[in-house]
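Residue-level structure breakdown
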Amino acid sequence: MRMGALLLALSLLLSGCASHHDESSRPTAWLKPGVRVTLPAPGISPGFQQQQLLTGRVKGKTQSLLVLLSADAQQISLAGLSSLGIRLFRVTYDQQGIHTQQMMALPDLPPASQVLADIMLSYWPVSAWQPQLPSGWTLRDVGDRRELRDASGQLISLIHYLQRGEQREPISVDQRAFGYQIHIQHLDASS
C-alpha cells in the first residue's frame, strides 16, 4: 500500500454491532498478502463522529490527511479533506455495500474496502470480527492495544489506544504485513 492509502485505511477503522445480512454480498479486504476476509456488518452502536488528522509513514515517506469519520447503526462514512479543507473523497459502507465519490484524482489510494478494514479493525468489537477471521487467526485486546495475529502467531497488525473517559480511541496503527504506520490525532470527538 502507498502512503495515501495507509492514511485512508487507518481513518476508517470502526467498531460495530452485529446485523443480520447476507455475508456473501459484503465487501472483502486483505489482512495480509494472499489472505482475504469479509468485512463485518457496517453498523455500530452507539454511533460517533470524529475529526482526525492522520499521519502515515511508509517506505520512509510521511504524509498527512484530515478525515471526518462518522458511524451509526446503519453505516460508516469517511470523508478525506486536503490541508486547505477541500473534499478529496468520500467512502460510505451500508447494507447495500461500499459507495465511493472521488472529487479529485488521488494517486496511491488503496481500494475503499481496504481502508474500511483498517478502520473497522480499530473500532469494531472483537466479537464482530471473530466469525470473519480465517481459521486460527486471533484478534485480542491486551491492555491499551489490539493485536491481530495469523494462524502461526505472527503479529499482522498492532493498534494502540488512548482511554478518554468512557471512550477508547485508536491513536496508532502498525500494519506490519503491508509495512505502514498511521498515527491518529483526534481533533474533535463525540459519542
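For the structure given in this document, a descriptive report is provided here. (Residues numbered from 1 in each chain as written. Predicted model: local features only at pLDDT ≥ 70, side-chain atom pairs only at ≥ 80, totals over all residues. Heavy atoms only, no water.)

Some details on the pattern of salt bridges
Scanning all chains against the criterion turns up seven salt bridges. Ionic pairing is found between D150 and K32, a salt bridge with its closest N-O pair at 2.8 Å. Of this pair, D150 sits in the loop between β9 (145-149) and β10 (155-164) while K32 sits in strand β1 (residues 28-32); the two residues are 118 residues apart in sequence, bridging distant segments of the chain. By relative accessible area, D150 is classed as buried at 4%. (Salt bridge = Lys/Arg side-chain N within 4 Å of Asp/Glu carboxyl O. Helix = DSSP H or I, 4+ residues; strand = E, 2+ residues; numbered from the N terminus. Buried < 20%, exposed > 50% of the residue type's maximum accessible area, 1.4 Å probe, protein only.)

Things to note about the side chain of S77
One can find S77 in strand β5 (residues 76-81). By relative accessible area, S77 is classed as buried at 6%. A polar atom in the side chain of S77 sits 3.0 Å from the side chain of R90. Once residues within four sequence positions are removed from consideration, S77 is found in contact with L68, L69, S70, R90, V91 and T92. (Polar contact = N/O pair within 3.5 Å; in protein donor to acceptor, adjacent residues only side chain to side chain. Contact = heavy atoms within 4.5 Å.)

A closer look at unusual backbone geometry
Note: most peptide bonds trans; most residues except glycine with negative phi. For the bond running from S45 to P46, omega is 0°, close enough to zero to count as cis. Tracing the backbone shows P46 in the loop between β2 (35-38) and β3 (48-58). Within the chain, K59 stands out as a residue other than glycine whose phi angle is a positive 50°. Counting through the fold element by element, K59 comes out in the loop between β3 and β4 (61-71). We classify K59 as exposed; its relative accessible area is 79%.

Let's talk about the nonpolar core
Counting residues in hydrophobic clusters, the biggest one holds 42 residues, and the most contacted among them are L31, L39, I76, W124, W129 and L148. The dominant element in this core, judged by the number of residues it contributes, is helix α2 (residues 112-123), at eight residues. Residues contacting L39, with those up to four places away along its chain left out, are R26, P27, A29, Y93, S113, L116, A117, M120, W129 and Q132. (Core = buried A, V, L, I, M, F, W, Y, C linked by side-chain atoms within 4.5 Å.)

Description of the packing of aromatic side chains
In total, this model carries one aromatic pair according to the counting rule given. Taken together, a centroid distance of 5.0 Å and an interplanar angle of 20° make the contact between F48 and Y123 stacked. Taken together, the positions of F48 in strand β3 and Y123 in helix α2 put the pair 75 residues apart, joining distant regions of the chain. Residue F48 shares its accessibility class with Y123, and that shared class is buried. Here the basic side chain of R36 rests over the ring of W30, its NZ or CZ set 4.4 Å away from the ring centre. Lying across the ring of Y161, R168 places its NZ or CZ 3.7 Å from the centre. (Phe/Tyr/Trp six-rings, centres within 6.5 Å; stacked < 30°, edge-to-face > 60°. Lys NZ or Arg CZ within 6 Å of the ring centre and 35° of its normal.)

Examining the environment of D174
Of note, D174 is situated in strand β11 (residues 167-175). For D174 and I159, which are 15 residues apart along the polypeptide, the C-alpha to C-alpha distance reads 6.3 Å. The residues contacting D174, other than those within four sequence positions of it, are I156, S157, L158, Y180 and Q181. A distance of 3.0 Å separates a polar atom in the side chain of D174 from a polar atom in the side chain of R176.

Describing the pairing of β2
Here β1 runs beside β2; their pairing, made up of four bridges, is antiparallel. Within β2, the position partnered with T28 by the bridge is T38. (Pairing = 2+ DSSP bridges.)

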